[in-house]
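Descriptive analysis of the structure
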Amino acid sequence: LSLITNLTSVTTGGTSMMETPDSLKLSLKVGDNSPPPSTMSIDKLLPALLECFGIILCGYIAGRTNIITPTQAKGLGNFVSKFALPALLFKNMVLLDFGDVIWPFLWSILVAKVCVFFIVCVLTLIVASPDSRFSKAGLFSIFATQSNDFALGYPIVEALYQSTYPEYLQYIYLVAPVSLMLLNPIGFAFCEFQKWKNQGSHQQSKLRIVGFVLLQVLKNPIVFMVVFGISAHFVLHGTIPAFMAEFVDGLANSFGGAALFYLGLSMVGQLRKLTRSTVVTLILLITAKLLLMPLLCKDMVDLLDNNNTSSMNHSSLSDYAFLYGVFPTAPSVAIYAIYYNTELEVVTSGMVISTFLSAPIMYVSAWLLTIHWMDPQLLMRSLQTVSFDISIVSLVALLWTIPVMFLSKKFKRLPHMLTVNLFLAQLSSCIGMILWNFVVKEDNFISQIFTFALLSTSLYSAFIWPGLIALSIVLMKKYDDLNGSPGQCESGCESTDCLLAQMEELQPPPDRQVARHVLLCLLLTVFLLANFSSCLWLICNHTPGRLHLELQFFSAIAIYGQGFISFALFGLDKHFILLPLKRLYHRCFGKKKEEQPQTDLPDDIKMTCTQFTKYHKQQCFHDIVKKRRCGMKTMADCFLGCELVDWLQQVGLAQDRGEALLYGTRLQQGGVLLHIKQEYSFEDSQLHYYFTI
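A few points on the structure.

Definitions and cut-offs
- Residues numbered from 1 in each chain as written.
- Predicted model: local features only at pLDDT ≥ 70, side-chain atom pairs only at ≥ 80, totals over all residues.
- Heavy atoms only, no water.
- Helix = DSSP H or I, 4+ residues; strand = E, 2+ residues; numbered from the N terminus.
- Buried < 20%, exposed > 50% of the residue type's maximum accessible area, 1.4 Å probe, protein only.
- Salt bridge = Lys/Arg side-chain N within 4 Å of Asp/Glu carboxyl O.
- Axes fitted to C-alpha atoms, helices over the stretch in contact; angles between N-to-C directions.
- Left-handed = near helix turned anticlockwise from the far one by under 90°.
- Contact = heavy atoms within 4.5 Å.
- Nonpolar A, V, L, I, M, F, W, Y, C, P; charged D, E, K, R; others polar.
- Patch = residues over 30% accessible without salt bridge, like charges linked within 9 Å, V, L, I, M, F, W, Y side chains within 5 Å.
- Areas by Shrake-Rupley, 256 points an atom, 1.4 Å probe, with all protein chains shown as cover.
- Core = buried A, V, L, I, M, F, W, Y, C linked by side-chain atoms within 4.5 Å.
- Disulfide = S-S within 2.5 Å.

**Some words on the overall build of the chain**
A count of helical and extended segments in the chain gives 28 helices and 4 strands. Across the 693 residues in the chain, those meeting the buried criterion constitute 50%.

Structure below.
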């Protein structure tokens, strides 16, 4: 409501309700015609964000399409964490100029992290169940305080401050190791204590647990190399010897792109682990990481850095602290979750969501923090322009997504029936915002009232539908639990529904896309909280300031950008768009490959087919091939694609499902196996395949 009220104040300046608040004028200091020079280079931020998230997207595509398998990705991760990053830390620790360091800034960031760590830890210990209380407290506290400083944070800071405050870059190398050495060991101790407690026999002593935790900290490449680099700084007098400078530079320079690419690889398949029970926990953790952390960092710098002689430098440090707090969670937290087998779904999903939420927050924050003196009317017009532009993008996305829902006939079943209504509400809000941009310029009171009513009704409707979607998912889950799951007929029955061709044509039981709906509800809940916080802030604080203005811009982007999220989750329907395109591709280009003689196949495919046929085919046939009815009186020896993937992992021919998928694809390319209708390539799914003679 505060967002709509502010938008109306842009062009209707007759009544007191529509006038610009005096508090906003005070906070923006209108009337000073000599604005100070900006402490950030905001023009370079957008290219830096596009570069970082573009490389992340490339890594995600490479992992999603199985160009790089999870096993191969681990090799890249080992290179980044054990070679490139230590070299980068060593180089910067040796060259670090301690004379330029403002130590109160470091203490401020450390105090802010300790506060967030303590708040998350205490709340988790109070709420969590006793059987996993300590491990959750340790892991969630690390999640909320360990930022992705080097891969994602450093390029952003470099883009913003390289030309104004280049010394700010070195704080990245000082803050991260301090956090790893002080806070992470406490989290590890909680996890180890939970492990010791669950054993029952208490085979390990508490002293041994403490020693193990300290050993893990010292073995961390980041901690070790920071200590070694600082020691080398004093021994080498702040310079790297010429004979090793090029070697260190080569490894250090390889970190940036490789780390971002690996971050994209590590995101593949993580959102599938999102479940209904993790939603509330995820909302609270993301709120602590992306909202509480930056606010505390900024407040602590304002409080502890009082002796700074330059007011401009103090202000820029305060802004820098806020941006640092917005950096998303580091991927290494997921490794900790795997090691301790604790809350992997929450950590991995939270890492993905926080990474992509941090991009618009960082951009809007940096842009608004550069504004010290500006006309409030100009800011409100900027807010309306942003809302108008985002509405156009969402409108185009929804005009694609809604027809897909109808043409794929998903609108006939739950929860998609409710989701379509949500999309229509989002479409109406976009239309209302676009109309408002033109109506407010005309002196037509009736049109303004009608447009305002359409806009308000659509916006609040868009926040009601996610609650109904979540309720429907819960009720359907309970119904399935009571009645059992859409089971398949036995192979011996006479039903024509068991014909393999019809089974694949009709597909397995309709996919309710529960994970996507849960993610949609989660994101819209975060947007609702942002809008509610904006209203509450305006009611409780008569001097909102720039942070409230930032919240206003974020609310505008979140509210009118819902259509883009809807398109990303539901616009590219697998069965209606992706699979038909894939079949068309195979019909156009697949025949040439099938006609290719066996001798023209690549050596790796021929070797795989020969090895499988000679040593494994007979056992595989015995283990997974079953007679399935493919006609009224005919049976076929076939198997499911997912069954072969499982078998390849069981016998050790593949280390993960990605490698098994590649193995099966090679077998199909070599003619060892085929799809029953020869329409699909090999997939890790319920499609039927058979071995050729």
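There's plenty left to go through after this.
**Comments concerning the pattern of salt bridges**
A full pass over the atoms with the stated rule returns 5 salt bridges. A salt bridge links R657 to D646; the shortest N-O distance between them is 2.7 Å. Linking R657 in helix α28 (residues 657–669) with D646 in helix α27 (residues 641–650), this pair joins segments that are 11 residues apart in sequence. Residue classification places R657 among the partly exposed positions, given a relative accessible area of 35%. Classification of D646 as partly exposed rests on a relative accessible area of 30%. A salt bridge links D684 to R657; the shortest N-O distance between them is 2.8 Å.

**What to know about the packing of helix α4 (residues 70–95) against helix α13 (residues 255–266)**
The contact between α4 and α13 brings their axes to 10 Å, and the two run at 145°. For the element pair α4 and α13, the recorded crossing hand is left-handed. Across from A73, L76, G77, V80, A84, L85 and L88 in α4, the residues of α13 making contact are F255, A258, A259, F261, Y262 and L265. For the contact of α4 with α13, the class distribution of residues is 12 nonpolar, 1 polar and no charged.

**As for a nonpolar patch on the surface**
A surface patch of nonpolar side chains, amounting to about 480 Å² of accessible area, comprises W103, W107, V111, L303 and L304. Mapped onto the elements of the fold, W103 is located in helix α5 (residues 103–127).

**Section: unusual backbone geometry**
P415 follows L414 through a cis peptide bond whose omega is 0°. On the secondary structure map, P415 appears in the loop between α18 (376–407) and α19 (416–439).

**Side note on the nonpolar core**
Generally speaking, a soluble globular protein has its nonpolar side chains buried in company with each other. In terms of nonpolar packing, the biggest core is built from 134 residues, with F105, F150, F255 and Y320 touching the most fellow members. The element best represented in this core is helix α14 (residues 279–304), accounting for 11 residues. Leaving out residues up to four positions away in the same chain, Y320 has contacts with F105, V157, Y161, Y168, Y171 and I172.

**Focus: the environment of Y690**
As for its position among the elements, Y690 is in strand β4 (residues 688–691). Assessed through its relative accessible area of 27%, Y690 is described here as partly exposed. C-alpha of Y690 to C-alpha of I676: the two residues are 14 residues apart in sequence and 6.6 Å apart in space. Excluding anything up to four places from it in sequence, Y690 contacts D637, C638, F639, V672, L673, L674, H675, I676 and Q678.

**Section: α27**
Burial of α27 is extensive: 7 of the 10 residues sit out of reach of the surface. Within α27, burial applies to G641, C642, E643, L644, V645, W647 and L648. Count one or two residues on from α27 and you reach G652, which has phi positive near 90°.

**Quick look at the packing of α19 against helix α24 (residues 562–570)**
At a closest axis distance of 10 Å, the pairing of α19 and α24 adopts a crossing angle of 145°. For the crossing formed where α19 meets α24, the hand is left-handed. Here H416, T419, F423 and Q426 of α19 come into contact with α24, specifically with Q562, G563, S566 and F570. Looking at side-chain class alone, the contact of α19 with α24 contains 2 nonpolar, 6 polar and no charged residues.

**Focus: the state of the cysteines**
Under the counting rule described, the total for this entry stands at 0 disulfides. Cysteine C121 remains unbridged, with the sulfur of C191 as its closest cysteine sulfur at 9.9 Å. Its relative accessible area of 8% is what places C121 among the buried residues.

**Focus: the environment of L50**
Its location among the elements puts L50 in helix α3 (residues 45–64). Given a relative accessible area of 57%, L50 falls into the exposed group. Separated by 309 residues in the primary sequence, L50 and A359 place their C-alpha atoms 9.4 Å from one another.

Scope: geometric values only; no functional claims are made or implied.
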